Amino acid sequence: MQPTPELGEAIDRRLQQLASISSSPDHLTRLAFTPEMARANTLVEGWMRDAGMTTRLDAAGNLIGRYDGDRPGLPALVLGSHLDTVENAGRFDGMLGVVTAILCVEQFNNRSYRFPFAIEVVAFGDEEGVRFGTSVLGSLAFSGSVSRERLALRDGGGQTVEAAIGAFGHDSASLYLAARKKDDVLAYVEVHIEQGPVLETQDAPVACVSGIFGSTRLSMEISGYAGHAGTTPMAMRRDALAGAAEMILATETLAQAHGVVATVGKISALPSAINVIPDLVRFTIDARALKDEDRADYLGALRGQIGEIAARRSLSVSETILSEGSSAPCAEWLQNQIRSAIERKGLSPVTIPSGAGHDGAMLTSLTDFGMIFVRCRGGVSHHPDEFASHSDMAAAADVLYDFVANFKGEDG
């Protein structure tokens, strides 16, 4: 497969088709276990079958296409990414990895190439975690690591994960059936936009990924006491929102001091009246670091600071851990093969870490994983302005094709 403009255009045409499947007519939003996700799966399943794959939807809603090797029943090299999106998304995040993998298999099928291993393309169903506030459900199920607690989480309408899976056509009691056996999977490799500015700064179309930041997602609930906005003296207030604002600023300041990245992305205040002092505030914290010990030190300092603010303002604090994941290094043997594929295409074998989480980090209990990053304009992601050029997408597809064509297992 050559990185021609036509190849990049073919990838983008499919990305645009997927981007048209949305819960909103004005922007791209496609959440897990929704009618829009079912429509996206149907579209992608057709592409998989056209590429010579057999298909199935597993008990967690992951769409899987399988291209058998030179004999039936061989373990698989797994490629792919996810099809769900954030609210008001761009068309590249997740979808690029699925489309690129399918086109790679399509080229092998057109040439009647078979390998001493199978190839599977997985379109994971819930990576972003927008609907239920907890991410990577599909890949956790794939690796056999989903907890019962996750199934009890609710979306904004009160529906649990368990009920949503049932409405999607599956019985959550059978979720364990989505788990794969270690002997059936050789490795997992994903193509994804960088979601950062490094490749653009280095003028590199693609990169090998060295590892993924560990992350912790928290939900904080701050309780005070409601009062009249005009009659309650400032010194006597237990203002939950004012306290939360101070805590949010501490989240940012301490992150800079500890060398981690942290974000408060969601906040709500009650009773949400212009003339009433807020007595209940909820906000989220997303903290990430390449070294798990740095993240732990930061969270310890932050919890101490939040406790001090709460005590000074006579507020109470309740914390819920939504998700927590260790940093995940990409396997060195896969990095070596990815860098070799990049070099064979005449490109510089740039290697960078990922500050964003990906499905591969959830598969480490099952198999080794590697990633190929694609340059994206301005490092913009999770936004309609997200963009990767036709030439860069074609280069990534060509590197993936070369990697698979020359793939050797960890033992060679």
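For every chain, the first residue of the written sequence is number 1, and numbering continues from 1 along that sequence. Whole-chain, interface and lining totals are the exception, using all residues; otherwise, since this is a predicted model, local features are given only for residues with pLDDT of at least 70 and side-chain atom pairs are given and counted only at 80 or more. By convention in this description, side-chain values take in all heavy atoms of the structure and omit both hydrogens and water.

Bringing the UniProt feature "binding site: allantoate" (unreviewed entry) in the chain into the picture now. UniProt positions are given in the numbering used here, feature names are shortened, and annotations may be inferred rather than shown by experiment. Feature annotation in UniProt assigns "binding site: allantoate" (unreviewed entry) to the following positions: Arg217, Asn275 and Arg288. An extended arrangement is adopted by the annotated residues: their sequence extent is 72 residues, and the largest C-alpha distance between any two is 37.3 Å. Secondary structure elements are defined from DSSP: runs of H or I of at least 4 residues count as helices, runs of E of at least 2 residues count as strands, and each element is numbered from the N terminus. Tracing the chain through its elements places Arg217 in strand β7 (residues 214-223). Here Arg217 is in contact with Glu128, Ser135, Ile285, Asp286, Arg288, Thr320, Ile321, Leu322 and Ser323, once residues within four sequence places are set aside. Polar contact is the term for a pair of N or O atoms within 3.5 Å; when the atoms are in protein, one must be able to donate a hydrogen and the other to accept it, and sequence-neighboring residues count only if both atoms are side-chain atoms. Only 3.2 Å separates the side chain of Arg217 from the side chain of Asp286, close enough to count as a polar contact. When checking whether two residues touch, look at their non-hydrogen atoms; a contact exists if any pair is within 4.5 Å.

This part takes up the packing of helix α3 (residues 95-110) against helix α11 (residues 390-405). All axes here are fitted lines through C-alpha atoms, helices being fitted over the stretch that makes contact, and every angle between N-to-C directions spans 0 to 180 degrees. Taken N-terminus to C-terminus, the directions of α3 and α11 make an angle of 55°; their axes are 10 Å apart at the nearest point. Judged on the interaxial angle alone, α11 and α3 are oblique. Seen along the crossing, α3 lies across α11 with a hand that is right-handed. Along its contact with α3, which presents Leu96, Thr100, Ala101, Cys104, Gln107 and Phe108, the element α11 presents Met393, Ala397, Leu400, Tyr401, Val404 and Ala405. Polarity classes work like this: nonpolar for Ala, Val, Leu, Ile, Met, Phe, Trp, Tyr, Cys and Pro, charged for Asp, Glu, Lys and Arg, and polar for all others, with Gly in that last group. Residues belonging to the contact of α3 with α11 are distributed by class as follows: ten nonpolar, two polar and no charged. Angles below 35 degrees are treated as roughly parallel, those above 145 as roughly antiparallel, those between 65 and 115 as roughly perpendicular, and all remaining angles as oblique. Definitions for this section: a left-handed crossing has its near helix turned counterclockwise from the far helix by less than a right angle. A right-handed crossing has that turn clockwise.

Counting through the fold element by element, Glu386 comes out in the loop between β14 (369-374) and α11. Since its relative accessible area comes to 2%, Glu386 is described here as buried. Separated by 44 residues in the primary sequence, Glu386 and Ile342 place their C-alpha atoms 24 Å from one another. Excluding residues within four positions of it along the chain, Glu386 makes contact with Gly90, Arg91, Phe92, Asp93, Ile193, Val380 and Ser381. Side-chain polar atoms of Glu386 contact the backbone nitrogen of Asp93, separated by 2.9 Å. The classification of residues rests on relative accessible area computed with a 1.4 Å probe and restricted to protein chains. Under 20% of the type maximum is buried, over 50% is exposed, and intermediate values are partly exposed.

This paragraph deals with the state of the cysteines. Pairs of cysteine sulfur atoms within 2.5 Å are identified as disulfides in what follows. A complete count under the given rule lists zero disulfides for this structure. The closest cysteine sulfur to the non-disulfide-bonded Cys376 is located on Cys330, 17 Å from its own sulfur. A relative accessible area of 0% means that Cys376 is categorised as buried.

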